[in-house]
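# Summary of structural features
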Amino acid sequence: MAGELASTRAVSRTFAPVRTPLLIPTWVIIGFFLVAPVLMMLAYSFLTKEFRGGVIWEFSLAAYDQFIFDRGLFGDEPPQIEWTYIVIFVRSIIQAAVATLLCLIIGFPTAYFIATRSPATRSMWLFLVTVPYWVNLLIRTVSMKFLIRDNGPLNEALMGLGVIGEPIALINTDFAVQLGLFYSYLPFMVLPIYASVERYDFALSEAAADLYANRWTILYKVILPIVWPGIVAGCILVFVPSLGAFLAPDLLGGAKNFLIGSLIEEQFKGNAGNWPFGAAASMILLSLVLIALFIYARRQARRSAQAA
Amino acid sequence: MRTLLKAGIAALALTFVAGAAQAQEKLSIYHWFEYIPQELLDKFAAETGIEVTMDTFDSNEAMLASLKAGKLGSYDVAVPGDYMVEIMIGEGMLDTIAEGELANRGNIEPQWVDVPFDPGRMHSIPYQWGSTSFSVNRDVYQGDINDTSIVYDPPDELKGKINVLDSQGEVMLLAALHLGIPQCSNDREQLKQLDALLQAAKPHWASFNSDGAKDVLVSGDAAVGMIWNGFGAKARAEGANIEYAYPRQGYVVWMDNVVLLKDAPNRASAIKFMDFLLEPENIAAVTNFARYAAGVEGVTPHLDPELASQPESVPPADAPAGTFVAVCDQATQEVYDTMWTRLKK
């Protein structure tokens, strides 16, 4: 797939060789907005915590030690493996993965539906998908909270219809957090998939049907491989921000159980005031994400090499 | 689309021009959420011509963290609670108000002039004071509520229906009062007890929420809500059938104060604002809005008469006195921080 893209891109002679001076803005942006903050956090994660927030410029591994070892309430017991943060990470990864899966299950048919409409109605559907996202994420999360609370419209409606006898407790549960994540990031799934389905040539489906492929075969053997890059892009765009989300866990989950995002937020903004630990947790998260993306990129490269 | 864009740019340009033309005095406030009526800010702006901007926070600790993270120097005044004033003085984050600089300093009630958290009131003026305990929904629970076990060792009817403030100082102090141990104790057994109490209580708590502390009571999401007395009064006024508790083990008293921040970009405006808030009529408007009590003389004629009989402000005769949150030494505070992290994980 990558090979194909590269070859289509390299065709144009007018734009092909990008001169170094033209790259300067790119490097400035990457350097200033990407590399510099990450390096700063990396440095902070190895500094000594200052009492009540801030750092002392002395090298220390205390932040990583705190992440890995449990030394008891007073910090002087023999170290044991600290499961807390591992549990928080695993919980966050599972929630982000489920959110991604839900977005995919709803997002793919939605994108497919939109892409198969007439060009005039497509833009209307796309517009409708993005309309709620013109509203601030905080407001949307709060309104979700109003919808699902014990005596909110959802429970009232279900009770009115006689489906349930008494309100289901939805608010302050993992389910609510899941719902919030799904709702927050759905368009990030729909839009990239739409972009790739839209370019899909439906003559291919017809050709497959002529060769006696049934609908499922067409989906698995023809459509999915071709729109795969869009699906991957959508999954990454949903998974990564879900992993660091803190609004949904705070507002819908009752701020009771940390997720990665709220754990890190608490280190900088909350009572804990432990900057090096917040930086270390971010670094560990970043490393995990980079490793996962790296492995994926390697596998893709090997696959396209094999295909060639 | 293009016309829209053009209109947007034109509007933006106009704003800049207007801003440059006025070049007026400014005041930047860092305040608690929902704690000052907009009309009062408008009145200040109208009287002085100073343009007011305000950001809000939802706990003393969050305010401290944000100021330490680089916001110091962008705000003129903030409104920390008593113990946080002491911490901020210790951190060197407050500027000194010179003798005679505040014209209305004499309006401060005598009992609030020389306070332990700011001896001689060098850096702060009183804003509001009140108490922290909890309100209980009387439709859900009819028993005795004047006991800290309602929050820390709740009866079955209330389990899973409790909201606590996302505020370390107050949660820890109420817990210490529940156990009958001194604040900031560095006795290991007592600290372990405190930790065990919080760990045992957490499964019964539904949420940690400060800025929603009123709403969860009004909506019925929570049947017990740890809350500041005036905020509890507002929840009751909004229709919640709740009663504010005065636990026999004790409860928290606090005073919020307007402090002059170090490196204030508009120091003169800050002083004017403090003087403005020391006018009985103005600070009474805050009290009428927030339902607490002012620390300024001569406010009574301006107060809503209902405040005098508001149950959240008038402890029953047999209620104990409240306790201020103490500032712990570093070693103890670090154990508290560890406990708090363990509690919320």
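What you see as residue numbers is a count from 1 along each chain, following the sequence as written. Each chain is given a letter, starting from A, and each ligand a number, starting from 1, according to the order in which they appear as written. Where totals are concerned, whole chains, interfaces and linings use all residues; where local detail is concerned, this predicted model gives features only for residues with pLDDT of at least 70, and gives and counts side-chain atom pairs only at 80 or more. Excluding hydrogens and water, the side-chain figures rest on all heavy atoms present in the structure.

All right, on to the pattern of salt bridges then. All names here are of chain B. By salt bridge we mean one thing: a side-chain nitrogen of Lys or Arg within 4 Å of a carboxyl oxygen of Asp or Glu. According to the stated counting rule, one finds 21 salt bridges over all chains in the structure shown. The closest approach of N and O atoms between Lys-214 and Glu-34, which form a salt bridge, is 2.7 Å. Placement of Lys-214 in helix α8 (residues 213-219) and of Glu-34 in the loop between β1 (26-32) and α2 (38-48) is noted, with a sequence separation of 180 residues between them. Here Lys-214 falls in the buried class, since its relative accessible area comes to 5%. Residue Glu-34 is classed as partly exposed on the basis of its relative accessible area, which comes to 37%. Linking Glu-34 and Lys-234 is a salt bridge whose minimum nitrogen-to-oxygen distance equals 4.0 Å. Placement of the pair is Glu-34 in the loop between β1 and α2 and Lys-234 in helix α9 (residues 229-237), with a sequence separation of 200 residues. Lys-234 sits in the buried class, given a relative accessible area of 12%. Several salt bridges share partner residues, and in doing so they unite Glu-34, Lys-214, Lys-234 and Glu-238 into one network. In this text, helices come from DSSP runs of H or I with a minimum length of four residues, and strands from runs of E with a minimum of two, each type numbered from the N-terminal end. Whether a residue is buried, partly exposed or exposed follows from its accessible area with a 1.4 Å probe, protein chains only, as a fraction of its type maximum: under 20%, in between, or over 50%, in that order.

All names here are of chain A. A helix is expected to span 1.5 Å multiplied by its residue count minus one. Taking 1.5 Å of rise per residue, 12 residues should cover 16 Å, and helix α6 (residues 137-148) covers 17 Å from first to last C-alpha, within 8% of that figure. Regarding α6, the residues found buried are Arg-140, Thr-141, Met-144, Lys-145 and Ile-148. Seen from one end, α6 has its buried residues packed into an arc of 145°, which puts them on one side. Definition of a polar contact: a pair of N or O atoms within 3.5 Å, with one able to donate and the other able to accept a hydrogen when the atoms are protein atoms, and with sequence-neighbouring residues admitted only if both atoms are side-chain atoms. Looking at where α6 begins, the residue whose side-chain oxygen comes 2.6 Å from the main-chain nitrogen of Leu-138 is Asn-136. Here, the arc refers to the directions that run from the helix axis to the C-beta atoms.

With that settled, the discussion passes to the interface of chain A and chain B. Pairs of residues are marked as contacts when any of their non-hydrogen atoms sit within 4.5 Å. The interface of chain A with chain B comprises 31 residues on the first partner and 37 residues on the second. In this assembly, chain A and chain B are joined by four salt bridges. Here chain A and chain B share six residue pairs in polar contact (both at pLDDT 80 or more) between them. Listed by contribution, the elements that provide at least two residues to the side of chain A that touches chain B are α4 (83-115) and α12 (260-269) of chain A. Tallied by class, residues from the side of chain A that touches chain B come to 10 nonpolar, nine polar and 12 charged. Each residue gets one of three labels, nonpolar for Ala, Val, Leu, Ile, Met, Phe, Trp, Tyr, Cys and Pro, charged for Asp, Glu, Lys and Arg, and polar for the others, Gly among them.

Roughly 980 Å³ of volume is contained in the largest pocket. Definitions used throughout: a 1 Å grid over protein atoms alone; a cavity as a set of points that fits a 1.4 Å probe which cannot get out; a pocket as an open set with protein on both sides within 12 Å along at least five of seven lines; a lining residue as one with an atom within 4 Å of a point. Around the largest pocket, the lining is made up of 37 residues, and of these Asp-250, Leu-251 and Lys-269 of chain A together with Asp-58 and Asp-211 of chain B lie nearest the centre. For the lining of the largest pocket, the secondary structure elements donating two or more residues are α6, α11 (247-251) and α12 of chain A together with β2 (51-57), α3 (60-71) and α8 of chain B. Taken together, the residues of the lining of the largest pocket sort by class into 16 nonpolar, 10 polar and 11 charged. Residue ranges labeled as domains rest on an automatic or database domain assignment. Each of two domains, domain 1 (2-128 + 255-309) and domain 2 (130-253 + 314-344) of chain B, supplies a minimum of three residues to the lining of the largest pocket. Grid points are joined across faces, edges and corners, and a volume is the space filled by probe spheres set on the points. In this model, the second largest pocket occupies a volume close to 740 Å³.

Residues and elements named next belong to chain B. If you check the domain split of chain B, you get domain 1 (2-128 + 255-309) and domain 2 (130-253 + 314-344). Its C-alpha centre places domain 1 at a distance of 28 Å from the equivalent point of domain 2. Taken together, the 18 residues of domain 1 in the interface contact 17 residues of domain 2. The junction of domain 1 with domain 2 conceals about 1500 Å² of combined surface from both sides, 61% of it contributed by carbon and sulfur atoms. Summed over the three residues of domain 1 that lose the most area to domain 2, namely Phe-33, Tyr-83 and Tyr-292, the buried surface amounts to 34% of that side. Where domain 1 meets domain 2, there are two salt bridges. In this assembly, domain 1 and domain 2 are joined by three residue pairs in polar contact (both at pLDDT 80 or more). Those elements that provide at least two residues to the side of domain 1 that touches domain 2 are α4 (82-90) and α11 (280-290). Buried area, as used here, totals the accessible surface that two parts lose on assembly, with accessibility defined by a 1.4 Å probe and the loss added over both.

It is worth spelling out the environment of Gly-230 of chain A at this point. All names here are of chain A. One can find Gly-230 in helix α10 (residues 215-244). Gly-230 gets classed as buried once you look at its relative accessible area, which sits at 6%. Sequence separation between Gly-230 and Asn-172 is 58 residues; the distance between their C-alpha atoms is 34 Å. The contacts of Gly-230, once residues within four sequence positions are left out, are Pro-192, Ile-193 and Ser-196.

Counted according to the given criterion, the structure contains three cavities of 30 Å³ or more. Lining the largest cavity are 25 residues, with Arg-52 of chain A together with Glu-61, Ile-87, Gln-168 and Gln-333 of chain B positioned closest to its centre. Secondary-structure elements contributing two or more residues to the lining of the largest cavity are α3, α4, α6 (168-179) and α12 (330-344) of chain B. Per-element accounting of the lining of the largest cavity gives the leading share, four residues, to α6 of chain B. The class makeup of the residues in the lining of the largest cavity is 14 nonpolar, eight polar and three charged. Per-domain counts for the lining of the largest cavity show at least three residues from each of domain 1 (2-128 + 255-309) and domain 2 (130-253 + 314-344) of chain B.

Residue and element names in this part refer to chain A. The disulfide definition used here is simple: a pair of cysteine sulfur atoms within 2.5 Å. Scanning the model with the defined rule gives one disulfide over all chains in all. There is no disulfide at Cys-103, and the cysteine sulfur nearest it, in Cys-235, is 8.9 Å away. The exposure class of Cys-103 is buried, given its relative accessible area of 0%.

Turning next to the side chain of Asn-104 of chain B. Residue and element names in this part refer to chain B. Summarising the element assignment, Asn-104 is placed in the loop between α4 and β4 (124-137). For Asn-104, a relative accessible area of 15% corresponds to the buried category. Each residue touching Asn-104, except ones within four places of it in the same chain, is listed here: Asp-275, Leu-278 and Glu-279.

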